[in-house]
Amino acid sequence: MKQGIHPNYQKVVYMDTSTGFKFLSGSTKGSAETIEWEDGNTYPLLKVEISADSHPFYTGKQKLTDVGGRVDRFKKKYNLK
């Protein structure tokens, strides 16, 4: 591999701003904010709006769309039968 062309890969802490859930992972993205993690080390803090802790698909609160109603509205709009 060529030296000096790859971004710096480091451990970072992601924090879900809607629930406060935090997890440690690796990333090439950095941050000026830091946080002390459970292991006593300090890592850059990246804030995200949604994670598996708050996403409706993973929390089981996902709404199912009414596909039949959509098709019927489409047919009615364009006079199809």
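Read on for an overview of the structure. (Residues numbered from 1 in each chain as written. Predicted model: local features only at pLDDT ≥ 70, side-chain atom pairs only at ≥ 80, totals over all residues. Heavy atoms only, no water.)

Turning next to unusual backbone geometry. With the exception of glycine, most residues fall at negative phi, and the peptide bonds are largely trans. Although it is not a glycine, N79 sits at a positive phi angle of roughly 55°. Following the sequence through the fold, N79 ends up in the segment after α2 (67–77). On the basis of relative accessible area, N79 is assigned to the exposed category, the value being 67%. (Helix = DSSP H or I, 4+ residues; strand = E, 2+ residues; numbered from the N terminus. Buried < 20%, exposed > 50% of the residue type's maximum accessible area, 1.4 Å probe, protein only.)

Looking now at the sheet that holds strand β4 (residues 42–48). Taken in spatial order, the four strands make up an open sheet running β2-β1-β4-β3, and their pairing is mixed. The sheet is open, and its two borders are formed by β2 (22–27) and β3 (34–36), each paired with just one other strand. Each neighbouring strand pair of the sheet contributes to a mean axis angle of 45°, computed without reference to strand direction. Where β3 and β4 come together, three bridges link them in antiparallel fashion. (Pairing = 2+ DSSP bridges. Axes fitted to C-alpha atoms, helices over the stretch in contact; angles between N-to-C directions.)

Along the chain, the position of S27 falls in strand β2. Within the local environment of S27, its side chain forms a polar contact with the side chain of Y14, the two groups lying 3.4 Å apart. (Polar contact = N/O pair within 3.5 Å; in protein donor to acceptor, adjacent residues only side chain to side chain.)

Turning to the nonpolar core, a few remarks are in order. Of all hydrophobic cores here, the largest spans six residues; its members are V13, M15, I35, W37, Y43 and L45. Listed by contribution, the elements that provide at least two residues to this core are β1 (10–16) and β4. The residues touching V13, leaving out its near neighbours within four places in the chain, are K22, F23, L24, I35, W37, Y43, P44, L45 and L46. (Core = buried A, V, L, I, M, F, W, Y, C linked by side-chain atoms within 4.5 Å. Contact = heavy atoms within 4.5 Å.)

Before going further, it helps to spend a moment on the pairing of β1. Two faces make up the sheet, and in a regular strand the side chains alternate between them. Of all seven residues in β1, five are buried; the element is thus mostly enclosed. With six bridges connecting them, β1 and β2 associate as antiparallel partners. The residue bridging Y14 from the neighbouring strand is F23, located in β2. What sits between the antiparallel neighbours β1 and β2 is a turn of five residues, in which G20 has the positive phi angle 85°. In this sheet, β4 lies alongside β1 in parallel orientation, the contact comprising four bridges. By the bridge assignment, M15 is partnered in β4 with K47.

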